[in-house]
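Coordinates in review
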Amino acid sequence: MSVLVLTLAVCAACCLGFGFVLQQNVAQQAPLSDFLSPRLLLDLVKVPRWLGGIGLMVCGMVLGALALGHGQVSLVEPLLATNLLFALALSRHQTKQPLGRQGWAGLVLLAGGVTAFIVAGQPHGGAAVSDPLRHWLIIGIMLGLALLLTTFAKRSRLSAGPVLLALAAGLLYGVQDALTRVSGQRFSEGGLASLIVSWQPYGVLVLGVTGLVLVQSAFETAPLRMSLPALTAAQPLAGIVCGVGFLGDQLRMDAGALAWQATGLAAIVAGIVLLGMHPAMPRGPAPPEPIEEDAGLSRERLS
């Protein structure tokens, strides 16, 4: 693993983690009538704090794209999952809540899991799969799962809905990362002319906007501790599936390496859950009451 990829991915995770916290601080005050509607973004864009969070997220996505341009998806995605560490750091600063045993355990599991997966798997590049059927099959499965999760979320939006939406958004972001890498390769090989005539960059845009609506709807209806762990866990898993499935990423496949990779992924998910459920994470919206005029959002809630 190059120092450049490590630096870009960790910086991207930092921007993403900080950005998610700022976005949720504002999204939790949006009216529930905007749930899963583009109107939600139109309401949120009026608030400078949310725009700051989006700016950080965009920076994180750009840095992540640069990391994907120099490294495999299966390598970069686990590193991006550490955004939860930075989200917890900012939330802890806001709440003054100490880490405690739960925080330290989550930190060790997440960091150790990322290390174990990368060391055991040794992700490296290979020949991308040229069969378009395999591309569309894997992408279709991911999009189909995201659609199914979103459908169930609409039926239970104040109970399991936020978790389901975050899982759906994570799947979309994982596919988006894979298409971002393909777009970067096309740009490197054929320049801008080759990029604009391919469908991948437009797919990146559509997935990004759709994922943003899902994430903000999840942030709107539940505490960060319910939505962000699911998002952070689903994205690298989807990205790794796409990377190995059709981008040509290769991992060590002997029994010992596979066992350590599985252990590493399990530790990553467990660490994400522990950190996401930490008391320092924002608890979500307070009881309904009028919001201050300068915040730019109506806090009127549906019964």
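Scroll up for the structure.
Residues numbered from 1 in each chain as written. Predicted model: local features only at pLDDT ≥ 70, side-chain atom pairs only at ≥ 80, totals over all residues. Heavy atoms only, no water.

The next point concerns the packing of aromatic side chains. Tallied over the entire structure, the rule returns three aromatic pairs. When the ring of Phe20 is compared with that of Phe219, the centres are 6.1 Å apart and the planes differ by 75°; the resulting orientation is edge-to-face. Note that Phe20 is positioned in helix α1 (residues 3–27) and Phe219 in helix α9 (residues 200–221), a separation of 199 residues in sequence. Phe219 shares its class with Phe20; the two are buried. Between Trp136 and Trp199, the aromatic rings sit 4.8 Å apart at their centres with planes inclined by 25°, giving stacked as the arrangement. Taken together, the positions of Trp136 in helix α7 (residues 132–155) and Trp199 in the loop between α8 (161–196) and α9 put the pair 63 residues apart, joining distant regions of the chain. According to the relative accessible area criterion, Trp199 is partly exposed, its value standing at 36%. (Phe/Tyr/Trp six-rings, centres within 6.5 Å; stacked < 30°, edge-to-face > 60°. Helix = DSSP H or I, 4+ residues; strand = E, 2+ residues; numbered from the N terminus. Buried < 20%, exposed > 50% of the residue type's maximum accessible area, 1.4 Å probe, protein only.)

Enumeration according to the criterion identifies two cavities of 30 Å³ or more in this entry. Each pocket or cavity is described by its volume, and for the largest cavity that value is around 40 Å³. At four residues, helix α10 (residues 224–246) tops the list of elements feeding residues into the lining of the largest cavity. Classifying every residue of the lining of the largest cavity by side-chain character gives five nonpolar, three polar and no charged. Considered as a void within the structure, the second largest cavity measures approximately 30 Å³ in volume. (1 Å grid on protein atoms, 1.4 Å probe; cavity = no way out; pocket = protein on both sides within 12 Å on 5 of 7 lines; lining within 4 Å. Points joined across faces, edges and corners; volume = space filled by probe spheres on them. Nonpolar A, V, L, I, M, F, W, Y, C, P; charged D, E, K, R; others polar.)

So, about the layout of surface pockets. Rolling a probe over the atoms, with the probe sized like a water molecule, indicates the empty space that remains. Reported here for the largest pocket is a volume of approximately 800 Å³. Around the largest pocket, the lining is made up of 34 residues, and of these Met61, Val62, Ala65, Thr180 and Val204 lie nearest the centre. Elements supplying a minimum of two residues to the lining of the largest pocket: α1, α3 (48–70), α8 and α9. No other element matches α3, which puts 12 residues into the lining of the largest pocket. Considered class by class, the residues forming the lining of the largest pocket number 18 nonpolar, 14 polar and two charged.

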